[in-house]
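Below are the chains, spelled out letter by letter.
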Amino acid sequence: MEDKFIYFDHASTTPVKPEVLEAMLPYFTHKFGNASSIYSIGRESKKAIEEARDKVAAAIGAQPREIFFTGSGSESDNWAIKGVAYSNKSKGNHIITTAIEHHAVLHTCQYLESDGFEVTYLPVDENGLITAEQVRAAIKPTTILITVMFANNEIGTIQPIAEIGSIAREKGIYFHTDAVQAIGNIDIKVNDMNIDLLSLSAHKFYGPKGVGALYVRKGVKLASYLHGGAQERGRRASTENIAGIVGMGKAIELASANIEAYNKKLVDLRDRTIDEITKKVPFIKLNGDRNKRLPGNVNFSFQYIEGESLLLMLDLKGIAASSGSACTSGSLDPSHVLLAIGLPHEIAHGSLRITFGEQNTHQDVDYLMEVLPMIVGRLREMSPLYEALANKA
Ligand SMILES: *Cc1c(COP(=O)(O)O)cnc(C)c1O
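Residues numbered from 1 in each chain as written. Predicted model: local features only at pLDDT ≥ 70, side-chain atom pairs only at ≥ 80, totals over all residues. Heavy atoms only, no water.

Draft legend 1. Spatial organisation of the UniProt feature "binding site: pyridoxal 5'-phosphate" (unreviewed entry) in the protein chain. Look at the UniProt record and you will see "binding site: pyridoxal 5'-phosphate" (unreviewed entry) annotated at Gly73, Ser74, Asn153, Gln181, Ser201, Ala202, His203 and Thr239. For the annotated residues, spread through 167 residues, the largest C-alpha to C-alpha distance comes to 30.3 Å, inconsistent with a single compact locus. The topology assignment puts Asn153 in the loop between β5 (143–147) and α6 (161–171). Along the chain, the position of Thr239 falls in the loop between β8 (212–216) and α7 (242–257). Those residues in contact with Thr239 that lie beyond four places of it in its chain are Asn34 and Gln231. (UniProt positions renumbered as here; feature names shortened; annotations may be inferred. Helix = DSSP H or I, 4+ residues; strand = E, 2+ residues; numbered from the N terminus. Contact = heavy atoms within 4.5 Å.)

Draft legend 2. The arrangement of the pairing of strand β7 (residues 197–201) in detail. Of all 5 residues in β7, 5 are buried, a share of seventy percent or more. Because side chains alternate across β7, one face comprises the buried residues Leu197, Ser199 and Ser201, and the other comprises Leu198 and Leu200, equally buried. Relative to β8, β7 is paired through 5 bridges, and the arrangement is antiparallel. Bridging from a neighbouring strand, Leu200 pairs with Ala213 of β8. (Buried < 20%, exposed > 50% of the residue type's maximum accessible area, 1.4 Å probe, protein only. Pairing = 2+ DSSP bridges.)

Draft legend 3. Representation of the nonpolar core. With 66 residues, the main nonpolar core has Ile146, Ile188 and Leu198 as its most contacted residues. With 8 residues, the single largest contributor to this core is α7. Residues within four places of Ile188 in sequence aside, it is in contact with Ala59, Ile60, Phe150, Ala179, Ala182, Ile183, Met193, Ile195 and Leu198. Leu269, Phe302, Leu368 and Val376 belong to the second largest nonpolar core, which has 31 residues in total. (Core = buried A, V, L, I, M, F, W, Y, C linked by side-chain atoms within 4.5 Å.)

Draft legend 4. Quick look at the packing of aromatic side chains. In this structure the tally under the stated criterion is 8 aromatic pairs. A centroid spacing of 5.7 Å and a plane angle of 75° characterise the contact between Phe68 and Trp79, whose relative ring orientation is edge-to-face. Residue Phe68 is found in strand β2 (residues 67–70), and its partner Trp79 is found in helix α3 (residues 73–87); the two are separated by 11 residues along the sequence. For Phe68, a relative accessible area of 1% puts it in the buried group. (Phe/Tyr/Trp six-rings, centres within 6.5 Å; stacked < 30°, edge-to-face > 60°.)

Draft legend 5. Examining the site of the ligand more closely. Neighbouring the ligand are 13 residues, the closest being Ser74, Asp178, Gln181, Ser201 and Lys204. Separating a nitrogen atom of the ligand from a side-chain N or O atom of Asp178 is a distance of 2.6 Å. Within the side chain of Ser201, an N or O atom sits 2.6 Å from an oxygen atom of the ligand. Burial of the ligand by the protein chains amounts to 88% of its free accessible area of 380 Å². If one sorts the elements of the shell around the ligand by residue count, α3 sits on top with 3 residues. A per-class count over the shell around the ligand returns 2 nonpolar, 8 polar and 3 charged. (Near = heavy atom within 4 Å. Polar contact = N/O pair within 3.5 Å; in protein donor to acceptor, adjacent residues only side chain to side chain. Areas by Shrake-Rupley, 256 points an atom, 1.4 Å probe, with all protein chains shown as cover. Nonpolar A, V, L, I, M, F, W, Y, C, P; charged D, E, K, R; others polar.)

Draft legend 6. A look at the domain arrangement of the protein chain. Split into domains, the protein chain comes out as domain 1 (18–257) and domain 2 (259–391). The straight-line distance from the C-alpha centre of domain 1 to that of domain 2 is 29 Å. Contacts between domain 1 and domain 2 engage 30 residues on the former and 27 residues on the latter. Buried area between domain 1 and domain 2, both sides added, is near 2,200 Å², and the carbon and sulfur share of it is 56%. (Domains from an automatic or database assignment. Buried area = accessible area lost by both parts, 1.4 Å probe.)

Draft legend 7. Geometry of the pattern of salt bridges. Counting across every chain of the model gives 21 salt bridges. Taking the shortest distance from any N to any O, the salt bridge between Lys46 and Glu50 comes out at 3.4 Å. With Lys46 and Glu50 both in helix α2 (residues 40–60), this residue pair falls 4 residues apart, about one helical turn. Taking the shortest distance from any N to any O, the salt bridge between Asp187 and Lys189 comes out at 2.8 Å. The exposure class assigned to Asp187 is partly exposed, which follows from its relative accessible area of 48%. Members of the salt-bridge network, linked through shared partners, are Lys46, Glu50, Arg53 and Glu232. (Salt bridge = Lys/Arg side-chain N within 4 Å of Asp/Glu carboxyl O.)

Draft legend 8. Spotlight on the sheet that holds β2. Sheet architecture is open: 7 strands sit in the order β2-β8-β7-β6-β5-β3-β4, paired in mixed fashion. Taken across any chain shown, the strands that pair with only one partner, and hence form the sheet edges, are β2 and β4 (118–122). Strand-to-strand twist in this sheet, taken as the mean axis angle between neighbours without regard to direction, amounts to 20°. The pairing of β2 with β8 spans 4 bridges and is antiparallel. Residue Thr70 lies in a different strand from β8, and its bridge partner there is Gly212. On the sheet, α3 packs against β2, β3 (94–98), β5, β6 (174–178), β7 and β8 and is oriented at approximately 160° with respect to β7. Sheet strands in contact with α6 are β5 and β6, and its direction is about 160° off that of β6. (Axes fitted to C-alpha atoms, helices over the stretch in contact; angles between N-to-C directions.)

Draft legend 9. Structural detail: the sheet that holds strand β10 (residues 297–302). In spatial order, the strands read β9-β10-β12; together these 3 strands make up an open sheet with antiparallel pairing. On the outer flanks of this sheet lie β9 (284–286) and β12 (351–355), each paired with one strand and no other. Neighbour to neighbour, the strand axes of the sheet diverge by 20° on average, direction disregarded. In this structure, β10 lies alongside β12, joined through 5 bridges in antiparallel fashion. Bridged to Asn297 within β12 is Thr355. Taken strand by strand, helix α12 (residues 362–381) contacts β9, β10 and β12, and its axis lies near 20° from that of β10.

Draft legend 10. Inspection of the packing of helix α9 (residues 307–316) against α12 at higher detail. α12 packs onto α9 with a crossing angle of 135° between their chain directions and a minimal axis gap of 10 Å. Taken as axis vectors, α9 and α12 run oblique relative to one another. Seen from above, α9 lies across α12 with right-handed handedness. Side by side, α9 and α12 meet where Ser309, Leu310, Met313 and Leu314 of the first sit next to Leu368, Val371, Leu372, Ile375, Val376, Arg378 and Leu379 of the second. A class-by-class count of the residues in the contact of α9 with α12 yields 9 nonpolar, 1 polar and 1 charged. (Parallel < 35°, antiparallel > 145°, perpendicular 65-115°, else oblique. Left-handed = near helix turned anticlockwise from the far one by under 90°.)

If you want it as structure tokens, here you go:
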């Protein structure tokens, strides 16, 4: 193990920024009051939560009262989907989603199928995109919810959210988007895109883990998710994670202020990496759309290679990257996203995801390009399939 440590896995999580930590710290110690208490340190906590709510609302062009804090992006997805499903049962039982959603959406939909709901999983094209027309064609009289992720966590594909939003609005169907990967990378205003519910998670934009939010447009019928106290206007009980909420507010404020420069920086690193890997490594395939793509996302399949071996060799060189998504690592099933874009199992197994962030530099890419072709070459030398092919050539 070398001392070098280069982090290329920002889609899985990001470090807390120093300014964010600094904003959070007092709420662990002397500002520890319960926000439901009426004495001054309680009121101070309440005020801190409301300031964070204002910041999250401002970032996405919502009203503060449309923002509900949750325990994670996964919780926000669960709440949005189950909440709409159970509150609108009398209108219908049909939900439209895509085959490449995060498991927080897919498994929630599968759960609802076991409870009498009907779910359409729209297939994606070879780049991981759906069209608004596909959504329109899937709508039935019983459709109560459309849930389509803003940007995919594995292959970075950005869906036509504004177009889907306008169809949903026209048909009077609620529209939820899991924007966990997009917030902080793409400027999103919920009203411009007719979004009714939107999930976000602080640890994907340099805030703390274990705190998320759900935007719920005023007037949307949504059942409470956690029953108990009157927190979050009675819709999500639990003593608030005040430090986490304050951190989320600070993180989204910083992200919004810097979104253009950050986007440009990431696009630059991404495009250079895609070009160089394409030039320097044979038998590869870029996964996801070349253009409708998150600014910091690179995802390649390398033929004749196991993604896990590639990750281990990169780790020995001090590079942290990912193959498939963090949620499926440790399982031998290839990623549902890579299978959905039509990759055969053996190629889906040999994938590498690099997701750039704040700290990454061109020197990091130089180093990656120094070690990656060598590692790929070495792993292929050990592959009987590759050997057979090389002998034929
Ligand atoms: C990370 C992620 C989630 C889950 O968020 P957590 O806060 O980790 O629960 C959901 N959807 C997408 C697209 C993600 O990338």
